Protein chains: 2
Amino acid sequence: MVPRQTSRDLRNESRFEVLRALFELGPSTRQEIARHTRLSTATVATLVTEFLSEGVLRIAALERRTVGRPYERLAIDPDRGRIVGVDVAETYVAATLFDIALTPISHGEVTLDEHENSQAYVVDGIVRAVEAAVGTGAGEADRILGVGVSMPGQVSPGAGVSVFAPNWDWHEVKIEELLAQGLRIPVYVDNPLKAVALSEMWFGVGRVADSMAVVNLGTGVGAGIAIDGALIRGANNNAGEWGHTLLQLDGRQCRCGRRGCVEAYLGVHGIETSLAEIDKDHPALRQPLQRDFIDAVATGLAAGDPVLAELARRTAHYLAAALGDLVTLLDIPYITLTGWTSTALAEWLVPAVRAELPDHVLPGSLPDLTVEVSRVPGNPVALGMAAFALEHFLGRLGLPSPASAPIARRRTRPQS
Amino acid sequence: MVPRQTSRDLRNESRFEVLRALFELGPSTRQEIARHTRLSTATVATLVTEFLSEGVLRIAALERRTVGRPYERLAIDPDRGRIVGVDVAETYVAATLFDIALTPISHGEVTLDEHENSQAYVVDGIVRAVEAAVGTGAGEADRILGVGVSMPGQVSPGAGVSVFAPNWDWHEVKIEELLAQGLRIPVYVDNPLKAVALSEMWFGVGRVADSMAVVNLGTGVGAGIAIDGALIRGANNNAGEWGHTLLQLDGRQCRCGRRGCVEAYLGVHGIETSLAEIDKDHPALRQPLQRDFIDAVATGLAAGDPVLAELARRTAHYLAAALGDLVTLLDIPYITLTGWTSTALAEWLVPAVRAELPDHVLPGSLPDLTVEVSRVPGNPVALGMAAFALEHFLGRLGLPSPASAPIARRRTRPQS
Ligand SMILES: [Zn+2]
Ligand SMILES: [Zn+2]
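Treat the numbers as computed from the prediction; the structure is a model and nothing was measured. (Residues numbered from 1 in each chain as written. Chains lettered and ligands numbered in written order. Predicted model: local features only at pLDDT ≥ 70, side-chain atom pairs only at ≥ 80, totals over all residues. Heavy atoms only, no water.)

### Points about the environment of Val 350 of chain B
All names here are of chain B. So the rule is basically this: Each helix corresponds to a stretch of at least 4 residues labelled H or I by DSSP, and each strand to a stretch of at least 2 residues labelled E; elements are numbered beginning at the N terminus. Between buried and exposed lies partly exposed: a residue is buried under 20% and exposed over 50% of the maximum accessible area for its type, with that area taken using a 1.4 Å probe on protein chains only. Note on definitions: a residue-residue contact is assigned when non-hydrogen atoms from the two residues lie within 4.5 Å.
Positionally, Val 350 belongs in helix 11 (residues 340-356). You can call Val 350 buried: its relative accessible area is 8%. For the pair Val 350 and Leu 319, spaced 31 residues apart in sequence, the C-alpha to C-alpha distance is 9.3 Å. Contact partners of Val 350, with chain neighbours within four places excluded, come to Leu 337, Val 371 and Val 373.

Take a look at the structure:
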């Protein structure tokens, strides 16, 4: 059945609307928030009162008027607490400490040995990265309101986390519980594609567009998708696996098991394969680490290497075709590119993709189509995960505490 | 910016919710409608009063109680008026007359010569099909509240209709205005993929699922997509052009200009091409009409023709791969097949597709994945267009009439 919103959902949604308005507008009056969100002034007033009493908002300024009481200009109180966003990849864990206005304060990073990915090893790496980001200063650890952790795999809020990376053997791991034991703070876990989508919606093109795809190009590739202002999650939270849609039926073997996936052409291994097809002895192929390979390609392109120019041409052709599919299927007007391949090779890929894209898209979807490198600052995965954790913190505000909720009574067995 | 709902939108949405509840539940009390829609009983009471005064609902029964006033059981009053749904294809126009409970009353069909598709010719064909459906009996024509017309192309509510079929040379044609002159009834025009999606949402799997793709297989192929209860339209109303996403980079030439599109393998011409690759002299290829070709394939498969068995095998392989992309990208749990290729060949395609689909889909999206032939009765395009026209009629109810609206004043020039 169509899931219907309860009044609790609507109340939470209105809370996020108020907060997003303040992220976008900066310090604002209740009237400005109501106008921006199109919530009623009564609803805004109620939520603002709640936020003020919880310390999430503060009165940033009083605006005098010729008659009547001055307007209060409200702002998020960054000092209400801290949020940590964590990006877990196959080779590293990167954690960022944010204030609750989502301004980054400090970072921590831990390198993972990609050949040793037991649960205990990864959980320990996450805890160490969070500790490194939080540091030992001035009781910061006690002020943390929530931690958002992105895991590179299929994350199902109910069933746990499954990671299908080559060296990971995780199936339905209850990572939230494992982490909550190590961190003793509420932990929210999600998939990195959802995190990059949320950070783009809150801090990137979401400020000018309500439908977008954030295309991540790195070891793996995928797309975070928002349509009409809503993040697309899918029935099992697996939406966005654009990297495992087809570019070439029965083409190159992909690590997911399927043949011909986009990732087998646009993931780093795919780009290496393309280069080997052009010149299997090219020196860039001798780089043992993926990131160094991509950097070597960028350096060689800048130096005018003709073999790498051909590699860039082929890669742009694959990318234009694969982005064309996203636009053709969903008529999405805004595509942003993120991930380190995007950053390193944008100069060569983006102009070629823009030139070829019209060949892959129906004319009606072309007029306002924009492709650009994402302008979300910092690590968009960590930022998006912090935004999710903040949403969850707001969702918990004002809810009855577990002790006061009549759950225990319902849990007692019926007498027989 | 994120489009925000005005109270007008919310009011209209609540109206459709009440109506959809009555479509799903049959005659219901206000309490049952409120429970089903999760609207407040006050909102339901207000809307029901409005609908009763407009004659859209009637009191179908009174239910006695031991104390208090009897409950009124409400139903859509089918006799409030008529709605026409029209399916315009390259070779025919099919029109169905419905009562406003969307029960079909009568049909009309006009054959189009696919080599003569001037605007005047097509408009005349649509008018004749509507007249044939409405008939001459008992003033039916005067009772029509709206007409919904699906056009085979890119339909932009603002810019008009562009059709890119081989023999159509339509660009931004204002078909609504042309038709309104011929029919003198409010006309709503949309794309057939949106119509099949809406009919599936209202009368098909929408009753058990809130996310689905309705895959149409005929001359052209495409998908109507609904996610979390919302029809996906895209920025230019072009979402769903799955037929022009890639199956094979740089593969078969498609009529859209791109190479390797799904339609070049699964549209009727694509299936003919596949058969010619296996046996260019196969007798089925001598059928001049597409529909007869598909019927000949179905007949031959039933008779055990081994060449056609190989054709079915390849076609199922293409279909499984292309449906796999829809599931992988959007994590959609429900796919229904519609269109005459689906109907004619389902017996051979559906079991093979179900068997192969796990090879094309990430494990997390598989557990509840369902693929079946659509059970929406009749012509789903005409039904969906009638549902859109009904929505538009409901949207007009209770709005100020143009004469009473203060538009004329705003249009006067400022004095200079
Ligand atoms: Zn793959
Ligand atoms: Zn095409």
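We are not done yet, so read on.
### Here we look at the domain arrangement of chain A
All names here are of chain A. Note the cut-off: Domain limits in this description derive from either an automatic procedure or a database domain assignment. Note on definitions: buried area is the accessible-area loss of two parts on being combined, 1.4 Å probe, summed for both. For this analysis, a salt bridge means a side-chain nitrogen from Lys or Arg found within 4 Å of a carboxyl oxygen belonging to Asp or Glu.
Assigned domains of chain A: these are domain 1 (7-76), domain 2 (80-195 + 379-396) and domain 3 (207-373). If you look at the interface, domain 2 gives 13 residues, while domain 3 gives 15 residues. Summing both sides of the interface, domain 2 and domain 3 together bury roughly 1,100 Å²; the carbon and sulfur share of this comes to 46%. On the domain 2 side of the interface with domain 3, the three residues burying the most area are Gln 154, Leu 193 and Lys 194, jointly 52% of the side's total. Note that Glu 90 is salt-bridged to Arg 255, the shortest N-O span being 3.5 Å. Counting only elements with at least two residues in the side of domain 2 that touches domain 3, the list comes to strand 7 (154-156), strand 10 (187-190), helix 6 (192-203) and helix 12 (380-396). For the side of domain 2 that touches domain 3, the leading source of residues is strand 7, giving three residues.

### Notes on the coordination of the zinc ion (ligand 1)
Residues and elements named next belong to chain A. Inclusion rule: Only N, O and S atoms count as donors, using a 2.8 Å limit from the metal and a wider 3.2 Å limit for Na, K and Ca, and since water is excluded some coordination spheres may look unfilled. Metal sites are grouped by the angles between bound donors: all angles between 85 and 135 degrees with four donors is tetrahedral, opposite donors over 155 degrees apart with the others between 65 and 115 is square planar for four donors and octahedral for six, and any other pattern is irregular.
Listed as protein donors to the zinc ion (ligand 1) are His 244 (ND1), Cys 254 (SG), Cys 256 (SG) and Cys 261 (SG); their distances from the metal cover 2.0 to 2.3 Å. Here the zinc ion (ligand 1) binds four donor atoms, and the angle range of 103 to 122° at the metal identifies the geometry as tetrahedral. The motif formed by the donor residues of the zinc ion (ligand 1), counted along the single chain, is H-x9-C-x1-C-x4-C. Placement of His 244 in the loop between strand 13 (230-231) and helix 7 (263-266) and of Cys 254 in the loop between strand 13 and helix 7 is noted, with a sequence separation of ten residues between them. For His 244, a relative accessible area of 10% gives the class buried.

### Notes on the sheet that holds strand 9 (residues 170-173) of chain B
Pairing between the strands of a sheet comes from backbone hydrogen bonds, and it takes one of two forms, parallel or antiparallel. All names here are of chain B. Put simply, the rule reads: Strands were regarded as paired on the criterion that DSSP finds at least two bridges between them. Axes here mean lines fitted to C-alpha atoms, for a helix over just the part in contact, with angles spanning 0 to 180 degrees between N-to-C directions.
Read across the sheet, three strands follow the order 7-8-9 without closing on themselves; strand pairing throughout is antiparallel. Here the strands that pair on one side only, and so sit at the sheet edges, are strand 7 (154-156) and strand 9. With strand direction ignored, the average angle separating the axes of adjacent strands in the sheet is 10°. Summarising the sheet, strand 7 and strand 8 (residues 160-163) pair through three bridges and their orientation is antiparallel. Within strand 8, the residue paired with Ser 156 across the bridge is Gly 160.

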